[in-house]
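# Reading the structure
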Amino acid sequence: MPPPADIVKVAIEWPGAFPKLMEIDQVSAVWNSIFFLFQNRNEIKNGAILRLTTSPAQNAQQLHERIQSSSMDAKLEALKDLANYSRDVTFAQEFINLDGISLLTQMVESGTDFGDMLSFTLTAFVELMDHGIVSWDTFSVAFIKKIASYVNKFASDISILQRSLAILESMVLNSHDLYQKVAQEITIGQLIPHLQGTDQEIQTYTIAVINALFLKAPDDKRQSNLCDFLIQWHSLQSIFPLQHVIRAQRAINNEMAHQLYVLQVLTFNLLEDRMMTKMDPQDQAQRDIIFELRRIAFDAELEPNNSSGSIEKRKSMYTRDYKKLGFINHVNPAMDFTQTPPGMLALDNMLYFAKHHQDAYIRIVLENSSREDKHECPFGRSSIELTKMLCEILKVGELPSETCNDFHPMFFTHDRSFEEFFCICIQLLNKTWKEMRATSEDFNKVMQVVKEQIMRALTTKPSSLDQFKSKLQNLSYTEILKIRQSERMNQEDFQSRPILELKEKIQPEILELIKQQRLNRLVEGTCFRKLNSRRRQDKFWYCRLSPNHKVLHYGDLEESPQGEVPHDSLQDKLPVADIKAVVTGKDCPHMKEKGALKQNKEVLELAFSILYDSSGQLNFIAPDKHEYCVWTDGLNALLGKDMLSDLTRNDLDTLLSMEIKLRLLDLENIQIPDAPPPIPKEPSNYDFVYDCN
């Protein structure tokens, strides 16, 4: 006889005792006293272990008293417990209600605590503030000064330094008033020494503070701050740690990569003002730059102030030279720089190239001026269009993405990296123009090829500008044609009718293989983050599928695991049979609840949820697009639905292509007909058949 539906068998564990099995009636008073602890009645299943602990309110009251103890040992133990308990939002609310944040700030401002005691105090403060219950605007200047002093004073104490940097970053990002106060107390120069250590966490937090100061600074001050940073950075180039990090990219964690990406974007955004500044044809200083380009190219051996000849003769000579320089407007080249983007940035790049790579500049200009007009590669027009293209590729002027960690290491190895990048690319453009034997009508075609060469070289993540230049040398126009032809052949070969029929025959086998791979990945499991207001303080949780594909095991973790997490350590379970649906994006419950996240496209694209029972839900934010595809595919496969992700389509195309190529090896160089051969007519007689008898 099955047990009553209202009876749940659970184990109750008292502190210091073994769990005791009990039967609880869901409609009883005992059940109601337990139920208020859970958001969902269905969270309590048969076989669950319920541990009885002190209530959050009582815990908060006790710790509030203990951290004020006169005994140093008792106080240290209390602060250690507080740092652990503060991660729980319910406890945090109770402790904050007791004015616990004010008590912690007073302890910090007093300056009497050091070592582990101060470390636990700051840890508890960070964890409590991470819940977003208390506004950052409530803190005094004395508290800010004390935290800033720790950044300089406790460089050798990693835990105190790390938490102090985290507090400063949150202050700057969450309050404009606090940004101004923090900016007065700490400078870029005081932060740079922390980048010279070997601790990657400290480097990450330091760059995060620098980025926060840049992001919140007014536009005029942001540019001066970035310039100061770059000057100090490259003055320490021999010991600057980012170069060591760049040489060992595989050791970079996601957060460090994200902060480097943000720093790269902010550095490039220094160029935005020049990119969006139109040239004033009446501005003599700007006109002098164009004159300097002409002088370096054609009058390098003459005195700059040589004014021999009549005015009309000089005008005629200048017009001729400006035409050789490749400007569209030969009479007044300043008009070529009135379009934004690229604006004045293109002229800055041209002048940098002419001054710092003078031989290459003169060679390109004279080489093209000696060609026929239709075969001339116009240096001026090419430079303007190339600068515009590079800004598009590197997203100059755009705000940093919240989740992107895609940075290019080579831009951290030179103090004028964008200008040097331009110098390499303008020489590539001239080389490609010659290889294509292009005419003026082919200008756009050449620019498309150059963009493809640059993009393909950047995807290899070269660690230096020299390595980028070397990659480009291997991507000549001939090589680009081969790559294009190979890609085109791979597409066209598989469009004939026999190949399409073969695809249909083997596609179910490939899909089954992909399905098994997805399920195997779910069995291995994945570590997910719980999104909070501060990214680096996010909590972790792990989810994996049982080997028999019948149960999902999941549970919270203290830190990101190094390998797989055993099933035994994941206490929560969800039977696959209970899953009703899998929803993604804006249909997820946790995306509907969080208004800020709802507008974040990157987060929306990584969100999915499992709906079970009547109102149960398990919410996910995938660490990246690949894991998102793996999990949504795997869950759909468990439910007997089609796998529709981009990853599945790519895998299917790749595996189908490989399988068909393997099966057609014996038919290499044999043309496959589009239609089957005709069936021959029946013979007039069958006398040719051999009679076995």
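Keep in mind the model is a prediction, meaning the values are calculated, not measured. (Residues numbered from 1 in each chain as written. Predicted model: local features only at pLDDT ≥ 70, side-chain atom pairs only at ≥ 80, totals over all residues. Heavy atoms only, no water.)

In terms of regular secondary structure, the protein chain is built from 30 helices and 10 strands. In the protein chain, which comprises 693 residues, the proportion classed as buried is 44%. Counting only contacts in the protein chain whose residues sit at least 6 apart along the sequence, the fraction spanning at least 24 positions is 66%. When the accessible surface of the protein chain is summed, it comes to about 37300 Å², and 50% of that surface belongs to carbon and sulfur atoms. (Helix = DSSP H or I, 4+ residues; strand = E, 2+ residues; numbered from the N terminus. Buried < 20%, exposed > 50% of the residue type's maximum accessible area, 1.4 Å probe, protein only. Contact = heavy atoms within 4.5 Å. Areas by Shrake-Rupley, 256 points an atom, 1.4 Å probe, with all protein chains shown as cover.)

Looking now at the sheet that holds strand 10 (residues 616-621). Strand order across the open sheet formed by three strands is 8-9-10, with antiparallel pairing between neighbours. In the strand order of this sheet, the two ends are held by strand 8 (579-584) and strand 10, each with one partner. On average, each strand axis in the sheet is inclined to that of its neighbour by 15 degrees, with strand direction left out of account. Here strand 8 pairs with strand 9 (residues 607-612) via five bridges, running antiparallel. Residue pairing in the sheet places Val582 in a bridge with Ile610 of strand 9. (Pairing = 2+ DSSP bridges. Axes fitted to C-alpha atoms, helices over the stretch in contact; angles between N-to-C directions.)

Moving on to the sheet that holds strand 7 (residues 572-575). Read across the open sheet, the four strands follow the order 4-5-6-7; overall the sheet is antiparallel. Each end of this open sheet is capped by a strand with a single partner; those strands are strand 4 (526-530) and strand 7. The sheet shows a mean angle of 25 degrees between the axes of neighbouring strands, taken without regard to direction. Direction of pairing for strand 5 (residues 539-545) relative to strand 6 (residues 551-557): antiparallel, over a ladder of six bridges. What sits directly across from Phe540, in strand 6, is Leu557.

Considering all chains together, one arrives at one cavity of 30 Å³ or more under this definition. Lining the largest cavity are Ile364, Cys377, Pro378, Phe379, Ser382, Ile426, Leu429 and Asn430. Those elements that place two or more of their residues in the lining of the largest cavity are helix 20 (379-394) and helix 21 (417-436). Counting residues per element, the lining of the largest cavity draws most heavily on helix 21, which supplies three residues. Residues of the lining of the largest cavity, tallied by class, amount to six nonpolar, two polar and no charged. (1 Å grid on protein atoms, 1.4 Å probe; cavity = no way out; pocket = protein on both sides within 12 Å on 5 of 7 lines; lining within 4 Å. Points joined across faces, edges and corners; volume = space filled by probe spheres on them. Nonpolar A, V, L, I, M, F, W, Y, C, P; charged D, E, K, R; others polar.)

Per-residue confidence for the protein chain gives a mean pLDDT of 80, with 81% of residues at or over 70. Here residues 235-251 scores under 50 on pLDDT; set against residues more than four positions off or in separate chains, the count is 30 contacts. (pLDDT = per-residue confidence, 0-100.)

Moving on, we come to the environment of Glu419. Mapped onto the elements, Glu419 comes out in helix 21. Separated by 68 residues in sequence, Glu419 and Leu351 place their C-alpha atoms 9.7 Å apart. If sequence neighbours within four positions are ignored, Glu419 has contacts with Asn349 and Tyr352. Within polar-contact distance, the side chain of Glu419 engages the side chain of Arg416 at 3.2 Å. (Polar contact = N/O pair within 3.5 Å; in protein donor to acceptor, adjacent residues only side chain to side chain.)

Before going further, it helps to examine a nonpolar patch on the surface. A cluster of nonpolar side chains, namely Trp14, Met22 and Leu52, defines an oily patch on the protein surface of about 260 Å² accessible area. Inspection of the secondary structure puts Trp14 in the loop between strand 1 (7-13) and strand 2 (20-25). (Patch = residues over 30% accessible without salt bridge, like charges linked within 9 Å, V, L, I, M, F, W, Y side chains within 5 Å. Salt bridge = Lys/Arg side-chain N within 4 Å of Asp/Glu carboxyl O.)

With that settled, the discussion passes to the packing of helix 25 (residues 497-524) against helix 30 (residues 646-663). Packed helices, taken two at a time, are described by the angle their axes make and the gap between the axes. At a minimum axis separation of 9 Å, helix 25 and helix 30 run at an interaxial angle of 125 degrees. Classified by the interaxial angle, the pair formed by helix 25 and helix 30 is oblique. Of the two possible hands of crossing, helix 25 and helix 30 adopt the one that is right-handed. Judged by residue contacts, Ile499, Leu502, Lys503, Ile506, Gln507, Glu509, Ile510, Leu511, Leu513, Ile514 and Arg518 of helix 25 engage Leu647, Thr648, Asp651, Leu652, Leu655, Leu656, Glu659, Ile660 and Arg663 from helix 30. Taken together, the residues of the contact of helix 25 with helix 30 break down into 12 nonpolar, two polar and six charged. (Parallel < 35°, antiparallel > 145°, perpendicular 65-115°, else oblique. Left-handed = near helix turned anticlockwise from the far one by under 90°.)

What follows covers helix 11 (residues 200-216). For helix 11, built from 17 residues, the straight-helix expectation of 24 Å at 1.5 Å per residue is met to within 8% by its first-to-last C-alpha distance of 24 Å. The buried fraction of helix 11 amounts to 13 of the 17 residues, a majority that puts the element mostly inside the structure. (Expected span 1.5 Å × (residues − 1).)

Counting 67 residues, the largest nonpolar core has Phe337, Phe353, Tyr361, Leu386, Phe421, Ile454 and Phe468 as its most contacted members. Per element, the largest residue contribution to this core is 11 residues, and it comes from helix 21. Among residues more than four places away in sequence, those in contact with Leu386 are Phe422, Cys425, Ile426, Leu429, Met447, Val450 and Ile454. In this structure, Leu103, Ile147, Ile188 and Ile207 belong to the second largest nonpolar core, which totals 60 residues. (Core = buried A, V, L, I, M, F, W, Y, C linked by side-chain atoms within 4.5 Å.)

Turning to the pairing of strand 6, a few remarks are in order. The element strand 6 is extensively covered by neighbouring structure, given that five of its seven residues are classed as buried. Between strand 5 and strand 6, which follow one another and run antiparallel, lie five residues, and His549 among them has a positive phi close to 65 degrees. Judged from the four bridges that link them, strand 6 and strand 7 form a sheet pairing that is antiparallel. The residue bridging Tyr554 from the neighbouring strand is Asp572, located in strand 7.

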